[in-house]
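Below are the chains, spelled out letter by letter.
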Amino acid sequence: MSFFEDFTNEINITGVLLVVVVIIRVISTKLVRRFAKTSQRLEYRTNLVIKYIHLLINILTIISLIIIWGVRPKDIVLAVSSVATVAGVAMIAQWSILSNITSGVILFFSFPFKIGDTIKIHDKDFPISGEIEDITAFHIILKSADGEQVAYPNNLLFQKGISILQDYHEEKEFTD
């Protein structure tokens, strides 16, 4: 019984924090879904962005709980800097992956093209034109006019000029 008497304040604050976290997760999920619905985004892309937001909320919750339960800020900074150093060394090779994921989230919220649009990527060395078949966390899949599927990394979309083309498929009369 002594535990509850000694840590009543921390238990109460933890309870309030957990309720606030649940409310924030529900509100953020509804806002992202509303945005996706109004901008006609695909469901699985919406779910991916929601997972990223929930991961961020969970990390902030863990940090808050550590502070609430009395871990000294000096110890938190030491632990976080140690983990960040190890993760930084490990992630140098993974920079492209993180860049593509971040670009995928930005594409979800702000880019003017969607699946089914025909785009031209103005790359000096490897210009590409095609219809967008899929937009994933790491790359977009384009189908060129000759039927070739091309995976193009999301982070390169921010480095190259992009034109959204009118549908270049010819209107053909159906014959039997």
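Residues numbered from 1 in each chain as written. Predicted model: local features only at pLDDT ≥ 70, side-chain atom pairs only at ≥ 80, totals over all residues. Heavy atoms only, no water.

A. Representation of the overall build of the protein. When you go through the protein residue by residue, the secondary structure sums to six helices and five strands. Of the regular secondary structure in the protein, the N- to C-terminal order runs α-α-α-α-α-β-β-β-β-α-β. Across the 176 residues that make up the protein, the buried fraction comes to 24%. Look at the contacts in the protein between residues 6 or more apart in sequence, and 58% of them connect residues 24 or more apart. (Helix = DSSP H or I, 4+ residues; strand = E, 2+ residues; numbered from the N terminus. Buried < 20%, exposed > 50% of the residue type's maximum accessible area, 1.4 Å probe, protein only. Contact = heavy atoms within 4.5 Å.)

B. Geometry of the layout of surface pockets. Empty space within the largest pocket amounts to approximately 180 Å³. Contributing to the lining of the largest pocket are I59, I62, I63, I66, I76, A79, V80 and V83. Where the lining of the largest pocket is concerned, the elements lending two or more residues are α3 (43-68) and α4 (73-91). (1 Å grid on protein atoms, 1.4 Å probe; cavity = no way out; pocket = protein on both sides within 12 Å on 5 of 7 lines; lining within 4 Å. Points joined across faces, edges and corners; volume = space filled by probe spheres on them.)

C. Summary view of the packing of aromatic side chains. Under the defined criterion, the tally for this structure stands at one aromatic pair. Centroid distance F7 to W69: 5.6 Å. Interplanar angle 40°. Geometry classified as tilted. Here W69 lies in the loop between α3 and α4 and F7 lies in the loop between α1 (2-6) and α2 (8-38), a separation of 62 residues in the sequence. By relative accessible area, which is 31% here, F7 ends up partly exposed. (Phe/Tyr/Trp six-rings, centres within 6.5 Å; stacked < 30°, edge-to-face > 60°.)

D. Up close: the pattern of salt bridges. Tallied over the full model, the rule gives one salt bridge. A salt bridge links K160 to D123, with the shortest nitrogen-to-oxygen separation between them at 3.7 Å. Here K160 is found in the loop between α6 (154-157) and β5 (161-165), whereas its partner D123 is found in the loop between β1 (118-122) and β2 (128-135), with 37 residues between them in sequence. (Salt bridge = Lys/Arg side-chain N within 4 Å of Asp/Glu carboxyl O.)

Everything listed here is a matter of geometry and, on its own, says nothing about what the molecule does.
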